[in-house]
Each structure stands twice: as C-alpha cells, then as structure tokens.
Amino acid sequence: MLQCTINGKELEVKPGTTIIEAMKLIAHEDIAHYCWHPGLPVAGVCRLCVVEIEGNPRLQIACNTQITDGMKITNQSEKVKEAVKWGLDFHLINHPLDCPICDQAGECELQNQYMKFGKYDSEMAEPKVKKHKVVDLGPRVVLDSERCILCSRCVRFTDEVTKTHELGIFNRGDRSEIGTFNGRPLDNKYSLNTVDICPVGALTSKDFRFRQRVWFLKEHQTICTGCSTGCNVKVSYNKEGLFRVKPVYNEQVNGYWMCDEGRDVYKYVNKPARLLDAWMTTAGRGEWLHPLTAAKKVGEFLRAPENKGKSVALVLTGQHTLEEYEALISFFKNEVGTDRIFHWVNNPESMNDFDGLLIRGDKNPNTKGLLETLERHGIKTEWKELIDGLSTGAIRTVVVAGPENQAVYPDFKAKVLELSKAQKLVWLTACKNEELERLQGDVTLIPLKTYIEKDGTFVNYAGLRQTVKKGLTVVANAMSLVEVAEAFKGVDVRPEEAPFKVGVGRVNNEATLQRGSL
Amino acid sequence: MAEVKYLTEHYDKPEYRTLEGYKKYGGYEQLARALKMERQKIIDEVKASGLRGRGGAGFPTGVKWGFLPNNGEPRYLLCNADESEPGTFKDRLMMERAPHQLIEGMIISAYAIGAHKAYIYIRGEYTGPAAILEQAIREAREAGYIGKNILGSGFDLDLDLFIGAGAYICGEETGLISSLEGTKGQPKLKPPFPAVQGYLRKPTIVNNVETLASVVNIIRDGAEGYRKYGTEKSAGTKLFSVSGDVQKPGTYEVPLGYKLMDLINNECGGLKPGRKLKAVIPGGSSAPVLTAAECENATLDYECMQQLGSMLGSGAVIVMDDSRCMVDILSTITHFYHHESCGQCTPCREGTGWMEKIVHGIVHGEGKPGDIDLLLKIANNIKGRTICALADAAAFPVISFVTKFRDEFEYFIKEKRSKVKGTKIYAPMHH
Amino acid sequence: MFKLSEEGLNYVKSEMARYEQKQSAIIRALYRAQDENGGWVSPEVIQHLSEVMDIPASHIEEVATFYTMFNKQPVGKYHIQVCCTLSCAMAGGRELTDLMMKEAGCSKLGETSPDGLFTFSKVECLGSCGTAPMLQINREPYIENLDEQKAIQLIRDLRAKAGK
C-alpha cells in the first residue's frame, strides 16, 4: 500500500491507483472532470481534473497520474482553482446557452461543475462556432453537436465496450464533431449508454427527450427484469409513472452498463398497459370485481372438495420473485393437493444465448429461482403432461401466473389458446391483453403488481440473489402472488389504497457499490 | 567565424544525392566504422558530443537514447521529417541534397539503440523530397546498407518511409506516432513517454532529420571533433532557415553561438534597402518574438535564446523590418495554431480559436479595449495545460507580441488602423 | 459507386502488408483512392476502403477529415494550394491568392472555376518559407518565388495546357 495526502487527508491506496480514483472513490473529494469515466480508457482531454502535486511546478491531470508513495496532492490551491475556472470557460465559450430547452438540464455536468467551480464572468464576446444540431444519430439517440464538449466518452464506448465503432470525431480543432460515417445509424444494442455517459446534453434519448424535467423525477433503485442477467438499474418516475431506466454500477453483474432493450421494460409498468381490476366471467356473464374479492372466490373454488386435487394445474413463468413462487407453490401443494405445477418456457431455443456483454436469451429475471423452488418441492413436470391432461379432461382447472413482460413471450397467443381448453381458467397478470379479454367461458383475470411495486428476490443466471424493494404503486388494486396465495386461503389481504405511493428502495447485495454521479 | 560547411559540405554537388556520389565523398564509411564499435560507445560518444535535438525542443540526443528500458522489447527509431513549424525548411534541403547522409545517420543510430525497424515520417506535402528518399532507400537496400546482416556485422535493420497528409501536429513526436499507427495524428498522453511506450506501445526514439544526420559527423570526428564548433552547452553547427525581410533568405549552416545579426547582415545580405529591423522570431513561429534591441547582441545558441526568454527551436529565423504591422503578423500566427490544433484538449481547441477571433477582430477594426489583457489571460491559461506543446506554441507568440508591441495593438484597437504608416494590411476579397 | 482499379486494389493490399499494422496504410490508400476518384474523397471512397481494408468506416472518415490533404469535396483539375502562413503572408501570398482566383474565375475558396480547372485553398506553412510566396498544385513539386506576373502566367499556362 502507498501513503498519500489528498487535500490534507491521509490515505492509503493500492499501487496503480490514479489520483482521480483516490479522490473520487476513496477520499470523496470534489474534483471537476468530464472525459474520465471509470468504465472507459483514460483520454485525458478535458484537462479539468488538474491537481497540484507538492514538488511539481506544473499542474497535473488526476486521471493520468498514478499515486506514488508520500505524494501530497491538492486541488484546493488558488492555482488549481484558477485553472479549473478557465478550463470550464473553455468548455463553455462555444456551448449554446439553451439550457431551458435542453433535456440534460438539472443533471448536466456542465451546469453542475460550473456552479461549483466556474468563473461566472465569461469574457467571450466573439461569435460561437456553428455545428450540426438535431442530428438523428440512430433509432434511439439524437445528437446536438454544439452542445458537445468532445470529451470522447461516447466514442470510446463504441470503440472499447461494444466494439461497434459507429462513432468517430471528425475534422479537427474547434471544427471537430462527433458523428457517424455518412449518416450510418448508431444502432447497437447498447446505444443508450452513450446518452448516460454524455456529461452534457449533446446525446439525448429519443424516448426521454422533452418528456420530463429531471427535477420533477424521483429515482428508485431496482433490478432490470428484461433478462436473466439482472442488471442493477434505477428508474426515474413521478406520479404519472415511469419515464426511463438507467444502469447502476455493479461490478459483479453489469459494470456500468445496461442494454437498450432493458430500457423499455418500464413501459409495461405504466398504467395504460395495466389490468386495473379483476374480471370474472361466469355463465357467459362477465363483471369487474375488486381483485381481492375475485381472488377469494377463486380460492374458495380451488379449496372446495369437489374441485381440489390433481385436476388443478398451476402454470408459472420465470418472471416473479422467489417469495411469490414459494407462497403459490405451497398453497397448491398443501391446500389444493396438486403437484401439477408447470414451467412455461417462453423461448426454449434461445434460452441459453449470450451476446458476450450483458444480453441473455433467457428473457426472465428469475428462471433460476423458479427452477430452484420447483426442485426443492420435488416437482418435476413436462409441459406435454399439461396438454395431455387438458385434452383427456384429467386437468380441468388451470391457474396461470402469466408473464409481466408479455413482449418477450412470442408464444403468448399460442399458450392462451392451449390453456383456454381448461374448464376454468384463472389468469394472474400485470398487464392487459387482447387475447385474454377475448376468452369465452369460465375465465378470471386478476391484476398483479409489477417488480417496481413489491419486495422480493430474483436469482440471476449465475445464481446471484438480488432483492428488489417496493418503489411505488402504479395500480392500487393489484396484488403480488404472495397476496394472491393468502387471498386464495381466504385471508383478507388488503391491497394498496393510495394510487400513488413514494417509497425509497434500494437493491441490496454484497456487490452493489454506490459510486455517486460519474 | 562565419557560415561553415560541416554537415552541408557537399550539398552543392548534384551527385551527392545518389549513392554513388555520396560514397565518392566518404559516404557509408562511418557506418562501417560504427558497426564495429560497441553500441554503448556510440551512445556515449553522442552524449559527449553535446548534440541536442534539432527539431525544436533541443533535448540532448544521447540522454534521450538512454531512456530506453532494457526490457527485451523490440525498439523503433523514427525520423521526424514532418518539418511543420512555420519558418522551417532546412530538413527539406537535407533530404533533397543528401538523403544518404540521413539514412547513414539513421542506420548508425538504430544500431546504437538496438532498433531493427526505422521509419522516416515525412510530411505529405513534401512529395519531391519523398521521391528522392524513396530512391535513396532503394539504393541503400540494394547495396546492403539496409536489410539483414548489414556489412557482415550481424545487425539487421529495415528502414522505410511513411508519408503524412497535412497536419502540423504530426511534428509532435507522439502525434507522429499516432499518425504512423494509422489514426488521426493526435498526441498521446504522457506518461508513458515514447522511449518507454511509443510506436505500437514499444520503446521508440523519435529524432529530427538534422539530429540523425549529425550522428555521421560525430562518428567521423568523435565527440571532441564535433565540439570544434559551437559553445559548451550548444555544441556543433546548426542549419538555420531564414525567411522574411532579408535580401537573401535561405538555409545557412553556422556554428551554434553565431551572432544573430551577423547571420542576418552577412549570410542573408542584410535587410532590404532603407529598412530598419523591427523584430525577429528566432526559432519558428512558436518561439517568442525578439525586438530589434534584443537581437543586437543575441547569439544563436540554446543558452542565449533562453536568457532572452525565447527559443532556438528549429532554427527558423523570421525577420521583420519596420514596414511590418505586428498585429497583422500575429493574426496569421493565431490563424495557424487555430487551424492546426488537433482538437482533443479543450483549452487548446477552444483557446486557439478564441485568440484568433480576437486578433482577427482587431485587424478588422473590431477590437475592444479589453482585448489585449484577454489575449494574455487566454494564452496564459492554455499554456502548460494540455497533452502536448501546441497550446504553448500558440500562447508564446501571442504573449510576446502583445507584450513587446503593445503600443501597436493599442493603437489598432483605438484607431482601427495600423500604427505602422504605409503598411499593407491584408483585406480579404473573398470571405 | 466508387471502386479502386485492380492495380489500385493491389497497391492498397501491398501497403497493408507494408507496415506492422494495416491501419498504417490508410493514408496511402486514401491518396490512391483520391487520385482514382478525380481528386477527392467521397463517402463512397471511404465505404469502399472500409470494405477493402476491413477497417471501420468511421475510423477512415476520422483520418480523412483530420488531414488537410484529403479533399472532402470535389476539386478542379488543378487544386491550387497557396501558402498563407507567416513568411508567405509577409511576401504577399494572400493577395496573390486573390489575384489568381480572379484570373481563374473562382469566386470563393474551395469552389471550382466554371471551366472545372481550378480550385483554390489557402494552406498553412508548406516548409518553403525562404522561397516565399509559393504554392503547390495537387501533390506536385512546389512552385516557388512567385510574383504577380508569374502567378497570372501560371494560371494561363495551366489553362493552355488543359486546352481550354
């Protein structure tokens, strides 16, 4: 270990640690910077992270200077402050002052760092350099070159992380602009990370542009349910619902990144996509019911001596929490007396795919958790047994805990058709679906909570257990499967009353590291 | 003392550019001698000779060679023939008149530092010199001076030519390396320094054309013989490219320590009739300008130039007489650095453009009272704040011009015309 | 669509093998392609080189736009590059440019004369300060020690040479 002093604080660091790493991650000192990002190679071009090192007359950049034993470092001297002030001014002289219409406002590092370290009295009276604006960079990203400060983070991302090389910095000097060759789209499965790491409003997300001011949004940390990787993420939301998803650093799971597909997962959580109350059809007549009422009715039916037993089947997907599987499986085994519990595999042929970075073919957050639970309960079934049972009449009642994210279930329609052969079909679902609404006969639909609205555990592809906490409630009457299981038993579980509740949630596992804003 | 023909002894002979002609005057004899010497002996000799880099920085060549780590990695020798510092045109002369002198110097140097691959990086516009070099490399290869087991010594060297494509920054050694690696010629972060991790992240030495050519004479005459010319700290001779307001501009070889005014008045034939000296940029456009008074006793060596707050640089002497408007001249210099900033470091990218706009504004009668101080502030805040020295190169002329000729700038800002009566200020026709 | 001639393709392939890594051949490949494409590097040129060299097009575009000797727009038969830095500016390079442009019928820098012969650029120091003012046509050897008369004559000679 090496000893050093940073702004008067004595520190011990590992050999190879750079000054900026020590300052930000260990000493938690403020240091201005744009181009440095812990997930990317060092560029050393913004020249903002200057520090003074005792014995060295020239200011050094913290990102490219490794600490040596006994080094005394400060970034609070007048010399450093003056250099940072001017450094910021150089970033701003050609930057448009369009903060009122810029999506980055409120989380813009140019704003933040200028507030902290800036010169405040710009002396630039000369005309600014004109560059391209509103460049349609790809399916998800828009570029404003005048806002760009050429930190090169996005270029390094496509060069070093995705290795797709779409972006480059063309021309030179203050005519330099980032862009793609000949209008070719920035179209890779991770393109929105460039928006995350853009310290200014040069790269914005088409999905998020102009939709919300960031200061009207709250954040909730959770797990992406888009696939079995289980990327750590945070969602931004307000009382209108969720607006975007961004990655949260977890060295063990996703590093600094997440995929673009995972960014869309939030969309089914919002109210327009959701089933808001229970729908029950009996004798050709349907009615809307309070979900609790519907669940209790179903429970009574399942527990009735004439209905219980092996004529009842339960279908589960890898989209729910460990706790939910346990509650529902226990109820069906112990109270209904059936071990006909089936695993609906949505995409068997691509289940084990992996793109080498983050995206996995298993589009469920908890397949591993479901399999573990089934095994623990000694349940071994084949889908064929269910189909056979339905055609022979051996299986008459089917309860389905359907997927939250129907978009990743290409066989959804086919499965609805198959299962509608049951005399009584109970479908537990977070979202609305035309196929389900069209079903005739004895059908019950009960609204479920999504991953944002409940506590629970997911087991990712590697067996890592990650917990999610309730962040907010979008559909007041929706139930978790734990609540459904209780209601099936006849317990009066009261779902949420308030339509909008703000909770503070945080993902907990050993590898979660809070690193603040990068 | 006057002009000498030490490196340039045979430059007046057209056949000197061919292998045959070069050999007629003793060419490649020093290579044969060197290959029989201990490598360290050559390095020691170069160190003892006091040879300093002739490209601009003036760093002792032998010391630079000594920075190579002994880690068994392949090493590269790169010759910097980018010659892009405004005012400089001496390397072009050397390559045109004596390509084999450079090649011989490179083979000896490569042998000394243990490099088996060497490149000459020549600027793209020098198509004439490039053709001459390609021809000379071919001749040297055919004659066995380049290739395997050179002159039976067991030493192998491949030497090739790489052509640039128009970028001042490729004269900066890490910019040159980036360019050679096939990317934009943007300088690299230091550390690591090229001697440790240069071309392809392998130990690399980059030396100027004149520096490498000088090695031949050092081998021939020994360190002591080489030191016959020059001063204690500025040994040897140097080629000076003189341009601007002199009667006979051109390249002149003089011993270091030679008087600047002698170079102007004797070799270059003095100023144009009736003109008085106003200023001299002694070492390429990035070197701080000297006033006529400062020139009076100035000698052309590293120490004197440093004392005067300027630099010997590449030895590009640009002479300005009293007909010149310093504001107009600075506007061409600020334009140059703005145009050539590679764009990666923010202070340089933004600062060079800003300075050009201000000076341009003054020349076009749009100067503002605070402009001079603002120029100084900008220059002082880009200087020393970037990966390479381009920001410094852009800042030095600005600082020296507006400080030493402040009256001309103040006058221009106030009166919206030059203080220099009868001077021609360029008014662009097409902008 | 632009395609290198067979000879050009062989040249690029041999250049790729010439250096330690094939990227180092980009500059030579761009020169060659520029010559074969009538003097400029079009997006099709970059696309083609990207395929031939198996190097991302964005990377070749970066190189092509960084260096000034690659023309990103069509140029005339004679791309006249007049040095206007320091010593050449002092020697009248800028005024000479205007004069030649007028003679050639070019109204703007970078624009080609109506007869398709001339495009003018003001360029930075070409390393010929002792023979200022000077210029370079395409990638030909320098034309030095110019004056007004020589400059005008140069344009006329070139026009005559082109038979226009």
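Residues numbered from 1 in each chain as written. Chains lettered and ligands numbered in written order. Predicted model: local features only at pLDDT ≥ 70, side-chain atom pairs only at ≥ 80, totals over all residues.

1. Considering the domain arrangement of chain C
How we decide: An automatic or database domain assignment supplies the start and end points of every domain.
Domain annotation of chain C identifies domain 1 (6-66) and domain 2 (78-161). Of note, the centres of domain 1 of chain C and domain 2 of chain C, computed from C-alpha atoms alone, are 28 Å apart.

2. Focus: the sheet that holds strand 1 (residues 2-6) of chain A
Residues and elements named next belong to chain A. Basically, it comes down to this: Should DSSP find at least two bridges between two strands, the strands are regarded as paired. A helix here means a DSSP run of H or I that spans at least four residues, while a strand means a run of E at least two residues long, and both kinds are numbered starting from the N terminus. The contact criterion used is a C-beta to C-beta distance within 7 Å, with each C-beta placed from the backbone. The axes are straight lines fitted to the C-alpha atoms, using for helices just the contacting stretch, and the angles between their N-to-C directions are given from 0 to 180°.
Read from one edge to the other, the open sheet built from five strands follows the order 2-1-5-3-4, with strand pairing classed as mixed. Unpaired on one side and paired on the other, strand 2 (9-13) and strand 4 (60-61) mark the two borders of the sheet. Pairing of strand 1 with strand 5 (residues 71-74), which is carried by three bridges, proceeds in the parallel orientation. Within strand 5, the position partnered with Thr-5 by the bridge is Lys-72. Strands strand 1, strand 2, strand 3 (50-53) and strand 5 of the sheet are contacted by helix 1 (residues 19-26), whose axis makes an angle of about 110 degrees with strand 2. Helix 2 (residues 78-92) rests against strand 3 and strand 5 of the sheet, and its axis sits at about 160 degrees to strand 3.

3. Overview of the pairing of strand 20 (residues 442-447) of chain A
Residue and element names in this part refer to chain A. Quick reminder of the rule: Counts of 20 or more other C-beta atoms within 10 Å of a residue's own C-beta define buried residues, counts of 12 or fewer define exposed ones, and intermediate counts define partly exposed ones; C-beta atoms are placed from the backbone.
The element strand 20 is extensively covered by neighbouring structure, given that five of its six residues are classed as buried. Sheet topology places strand 14 (residues 278-282) next to strand 20; two bridges connect them, and they run antiparallel. The residue of strand 20 that forms the bridge with Met-280 is Thr-444. Two strands pair when backbone bridges link them, and strand 19 (residues 424-429) and strand 20 are joined in this way by six bridges, in the parallel orientation. In the strand pairing of strand 20, Thr-429 is matched with Pro-447.

4. Brief notes about the interface of chain A and chain C
Keep this limit in mind: Put simply, Ala, Val, Leu, Ile, Met, Phe, Trp, Tyr, Cys and Pro go in the nonpolar bin, Asp, Glu, Lys and Arg in the charged bin, and everything else, Gly too, in the polar bin.
At the junction of the two partners, chain A supplies 11 residues and chain C supplies 10 residues. In terms of residue count, the dominant contributor to the side of chain A that touches chain C is strand 8 (residues 167-170) of chain A (four residues). Among the residues making up the side of chain A that touches chain C, the classes are represented as four nonpolar, five polar and two charged.

5. Focus on the interface of chain B and chain C
Chain B puts 44 residues into the contact, and the matching count from chain C is 38 residues. Of all elements in the fold, only helix 7 (127-142), strand 5 (237-244), strand 6 (250-255) and helix 13 (326-340) of chain B reach the threshold of two or more residues within the side of chain B that touches chain C. With five residues, the single largest contributor to the side of chain B that touches chain C is helix 13 of chain B. Partitioning the side of chain B that touches chain C into residue classes produces 16 nonpolar, 20 polar and eight charged.

6. Here we look at the nonpolar core
We apply this condition: We define the nonpolar core as any set of buried residues of the types Ala, Val, Leu, Ile, Met, Phe, Trp, Tyr and Cys, connected via C-beta atoms lying within 7 Å of each other.
Ranked by size, the top nonpolar core spans 252 residues in total, and within it B:Cys79 and B:Leu263 carry the most contacts. Not counting residues up to four positions away in its chain, the partners in contact with B:Cys79 are B:Leu102, B:Met106, B:Ala118, B:Tyr119, B:Ile120, B:Tyr121, B:Asn207, B:Val209 and B:Leu212. Listed in part, the 81 residues of the second largest apolar core include A:Met258, A:Ala278, A:Ile329 and A:Cys431.

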